[in-house]
Amino acid sequence: MILYSTNNPNLKADLKTAVLKSLADDKGLYMPEIIPQLDPTFIDNIEQYSFQEIAFEVCHKLFQGFIPDEDIKDIISKSITFEAPVVMLDEKIGSLELWHGPSLAFKDFGARFMAALMSYFHKGDTKKLTILVATSGDTGGAVAFGFLGVPGVEVIILYPKGNVSLLQEKQLTTLGQNISAIEVDGTFDDCQALVKEAFLDDDLNAVYKLSSANSINISRLIPQSFYYFEAYKQLKKYGKKVVFSVPSGNFGNLTAGLLAVKMGLPVHHFLAATNINKIVPDYLTSGQYQPLPSIPTISNAMDVGNPSNFARMLDLFGKDWSAMASKISGYYYTDEETREEMKLIFDTNKYVSDPHGAIGHRALRTYLQDHPDCVGAFLETAHPAKFEDVVSDTLGIPVEIPERLAILASRDKVATQLSPIYADFKKYLLERS
Ligand SMILES: *Cc1c(COP(=O)(O)O)cnc(C)c1O
């Protein structure tokens, strides 16, 4: 499998390089040079395949013999270990629940697959692989669980002191084993700056083999396409055109849906659902891409003012705005509307959604009013317990915390305290090496 950089189609890399480097040297994002189609009879008979079998079929095609089938099966059996059920709220709207993994968010799919693939590519290398990751909360949890216990790999997570929720912090600081946490007395941007500088530091590169678990890594995108096939399989029986509504921030999820379509999945339409950080919905109506500083909202995992996967979306449509606008419609909602929708879903369907999923629901409900020939699912990107404060405040009920998360609350936090000064971080890394 050969990939190219979105900044320069002539800058190419193989899958191993793309996975271990995340970003191309020219700071472009990696995209597959060839996106093969699945066999149409496979799609016609998709009901006969399990989620893991579907994942295998997608990888087998996409990797083009670059990884032997037996190894692909092994990678999938280690990473795609939980379901992606579509729970129908009524006869036309389903919730594609992507939170059945260990950190309760869809990011588990990407993080686990990336961990399995990195460890596969790292096999046989005697030097330990060290993953540095800066997090504002969500990504760090998924990455920590994804790499937990993976041989030959260690993870160092940097998070801003006082800026992550209690349960998020527990996910970062209580797992132990090959996962270490650093609590930085600074902001998320400080954490990111420390990680960036470390990657460029010759002294560190002499003793460490460093890699990042960046959200733009192609190995996080690929597994996110699996669940569109899996959801289609569950919606096919309704005999209608299938629509997906995707609550979006950096647009990795939506890009993965587009990838599935390129591989032959018959999705009629996508809804790009955002909060008031509506850069992409604005682009879809105006053709003008205008990045802006992000605005904080209650659906904070989507507070993104310059979505990193936009370059990939453009490439998938040959940089043609009208082609993109005919396949994707933008919707955006205020916090007020998001809360209204959470209440509506609860009152009407007795279903508790998180704020991100509620935005997806509202877009889908609106679209379906004018498109009676369609059935759809919104991506429920996180378990409501991850946004307990907003959910219980909005619905006036306590939110049940799943056992696998609640169990962490009783464990003791282990984190190294550091200043945001690079020299301190470097000293810490050199001393522990
Ligand atoms: C990361 C995240 C999103 C945004 O997903 P993108 O792929 O960046 O668009 C939406 N909802 C939740 C809960 C998330 O954690």
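For the structure, see preceding data.
Note on numbering: residues in each chain are counted from 1, in written sequence order. Predicted model: local features are reported for residues with pLDDT of at least 70 only, side-chain atom pairs are reported and counted for 80 or more only, and whole-chain, interface and lining totals are derived from all residues. The basis for the side-chain values is all heavy atoms of the structure; hydrogens and waters are excluded.

## Some thoughts on the overall build of the chain
Where we set the bar: Counting from the N terminus, the helices are DSSP H or I runs at least four residues long and the strands are E runs at least two residues long. The atom set for the radius of gyration is the C-alpha atoms, and the globule formula is 2.2 Å times the number of residues raised to the power 0.38. Any two residues having at least one pair of non-hydrogen atoms within 4.5 Å are treated as being in contact. When charges are counted, Lys and Arg contribute as positive and Asp and Glu as negative, whereas His and the chain ends are disregarded. Working definition for charges: the position is that of NZ of Lys, CZ of Arg, CG of Asp or CD of Glu.
From N to C terminus, the chain includes 19 helices and 14 strands. A compact globule built from 433 residues should have a C-alpha radius of gyration of about 22 Å, and the chain, at 21 Å, falls within 12% of that. Taking contacts inside the chain between residues at least 6 apart in sequence as the whole, the part at least 24 apart equals 74%. For the chain, the distance from the average site of its 40 positive side-chain charges to the average site of its 53 negative ones is 3 Å.

## Focus on unusual backbone geometry
What counts is decided by this rule: Each residue gets one of three labels from its accessible area relative to the maximum for its type: buried under 20%, exposed over 50%, partly exposed in between, using a 1.4 Å probe on protein chains only.
Of note in this structure, Gln64 is not a glycine but carries a positive phi near 50°. Here Gln64 shows up in the loop between helix H3 (51-63) and helix H4 (69-79). By relative accessible area, which is 42% here, Gln64 ends up partly exposed. Phi at Gln177 takes a positive value of approximately 50°, unusual for a residue other than glycine.

## Some thoughts on the packing of helix H15 (residues 335-349) against helix H16 (residues 355-370)
As a reminder, the rule being used: Whenever a helix is involved, its axis is fitted only over the stretch in contact; in every case the axis is a line through C-alpha atoms, and angles between N-to-C directions fall within 0 to 180 degrees. Angles are sorted into four bins: roughly parallel if under 35 degrees, roughly antiparallel if over 145, roughly perpendicular if 65 to 115, and oblique for all others.
Two elements in contact, H15 and H16, have axes separated by 8 Å at closest approach and are oriented at 80°. Considering the angle they form, H15 stands roughly perpendicular to H16. On H16, the residues that touch Glu337, Thr338, Glu340, Glu341, Met342, Leu344 and Ile345 of H15 are Pro355, Ala358, Ile359, His361, Arg362 and Arg365.

## As for the site of the ligand
Going by this rule: Nearness here has a simple test: a residue counts as near a molecule or strand if at least one of its heavy atoms is within 4 Å of that partner. Polar contacts, as used here, are pairs of N or O atoms within 3.5 Å; protein pairs need one atom able to donate a hydrogen and one able to accept it. Residues neighboring in sequence count only if both atoms are side-chain atoms. The Shrake-Rupley method, run with a 1.4 Å probe sphere, supplies the accessible areas, and residue values consider only the shown protein chains as cover. For this classification, the nonpolar set comprises Ala, Val, Leu, Ile, Met, Phe, Trp, Tyr, Cys and Pro, the charged set comprises Asp, Glu, Lys and Arg, and every other residue, Gly included, is treated as polar.
If you check the shell around the ligand, you find 15 residues, and the closest are Lys107, Gly249, Asn250, Phe251 and Thr381. With respect to the ligand, the backbone of Gly252 contributes an N or O atom lying 3.1 Å from an oxygen atom. Burial of the ligand by the protein chains amounts to 95% of its free accessible area of 390 Å². Of the residues in the shell around the ligand, the class split is 6 nonpolar, 7 polar and 2 charged.

## As for the nonpolar core
Quick reminder of the rule: What is meant by a nonpolar core is a set of buried Ala, Val, Leu, Ile, Met, Phe, Trp, Tyr and Cys residues, joined one to another through side-chain atoms within 4.5 Å.
One finds Phe63, Phe147, Tyr227, Tyr228, Phe229, Phe244 and Ile328 to be the most contacted residues of the largest nonpolar core, which totals 102 residues. Ignoring sequence-local partners within four residues, the contact set of Tyr228 consists of Phe244, Val246, Asn253, Leu254, Ala256, Gly257, Ala260, Leu265, Phe270 and Leu379. Ranked by size, the runner-up nonpolar core spans 29 residues in total, among them Leu364, Tyr367, Val390 and Val399.

## Regarding the sheet that holds strand E10 (residues 241-247)
The condition that has to hold: By this definition, two strands are paired if DSSP reports at least two bridges between them.
Overall, mixed pairing links the 6 strands, which are arranged E4-E5-E13-E10-E11-E12 in an open sheet. In the strand order of this sheet, the two ends are held by strand E4 (86-88) and strand E12 (328-332), each with one partner. Here the average twist between neighbouring strands, direction ignored, is 25°. The pairing of E4 with strand E5 (residues 93-97) spans 3 bridges and is classified as antiparallel. Within E5, the position partnered with Val87 by the bridge is Ser95. On the sheet, helix H11 (residues 252-262) packs against E10, strand E11 (267-274), E12 and strand E13 (374-380) and is oriented at approximately 170° with respect to E11. Contacts between helix H12 (residues 279-286) and the sheet are confined to E11 and E12, with E12 contributing the most and set at about 130° to the helix.

## A few points about the pattern of salt bridges
The condition that has to hold: Put simply, a salt bridge is a Lys or Arg side-chain nitrogen that is within 4 Å of an Asp or Glu carboxyl oxygen.
Enumeration over the complete set of coordinates arrives at 21 salt bridges. A salt bridge links Asp393 to Arg339; the shortest N-O distance between them is 3.1 Å. One end of the pair, Asp393, is in helix H17 (residues 388-395); the other, Arg339, is in helix H15, and 54 residues separate them in sequence. Note that Lys427 is salt-bridged to Glu431, the shortest N-O span being 3.6 Å. Here Glu431 and Lys427 lie together in helix H19 (residues 422-432), a separation of 4 residues that amounts to about one turn. The class of Lys427 is exposed, set by a relative accessible area of 52%.

## Some remarks on helix H7 (residues 166-173)
Counting buried residues in H7 gives 7 out of 8 residues, a clear majority hidden from the surface. Looking at H7, one finds that the buried residues are Leu167, Gln168, Glu169, Lys170, Gln171, Leu172 and Thr173. For H7, the elements touching its buried residues are helix H6 (138-147), strand E7 (153-160), strand E8 (179-184) and helix H18 (403-409).

## Observations regarding a nonpolar patch on the surface
Convention followed: Surface patches are defined over residues having more than 30% relative accessible area and no salt bridge, joining like charges when they lie within 9 Å and nonpolar side chains (Val, Leu, Ile, Met, Phe, Trp, Tyr) when within 5 Å.
Together, Ile276, Ile295 and Tyr332 line one region of the surface with nonpolar side chains, adding up to about 250 Å² of accessible area. Mapped onto the fold, Ile295 is located in the loop between H12 and helix H13 (310-316). Given a relative accessible area of 40%, Ile295 falls into the partly exposed group.

## Here's the deal with the sheet that holds strand E1 (residues 2-5)
As summarised here, the arrangement of the 3 strands in space is E2-E1-E3, forming an open sheet in which the pairing is antiparallel. Two strands in the sheet have a free side with no partner beyond their single neighbour: strand E2 (8-14) and strand E3 (30-32). The sheet shows a mean angle of 40° between the axes of neighbouring strands, direction not considered. As defined by bridge partners, E1 adjoins E3 across 3 bridges and the pair is classed as antiparallel. Paired with Tyr4 across the bridge in E3 is Met31.

## Topic: the packing of helix H5 (residues 107-122) against H6
Spelled out, the test is: Note on convention: near helix rotated counterclockwise from far helix by under a right angle means a left-handed crossing. Clockwise means right-handed.
Viewed as axis vectors pointing N to C, H5 and H6 meet at an angle of 40°, and their least axial separation amounts to 8 Å. When the interaxial angle is binned, H5 and H6 end up oblique. Taken as a pair, H5 and H6 cross one another with a handedness that is right-handed. Listed contacts from H6 to Lys107, Asp108, Ala111, Arg112, Met114, Ala115 and Met118 of H5 are Thr139, Ala142, Val143, Phe145, Gly146 and Phe147. Split by residue class, the contact of H5 with H6 holds 8 nonpolar, 2 polar and 3 charged.

## Some remarks on the side chain of Ser419
Mapped onto the elements, Ser419 comes out in the loop between strand E14 (416-418) and H19. Aside from chain neighbours lying at most four places away, what touches Ser419 is Val184, Leu194 and Asp424.

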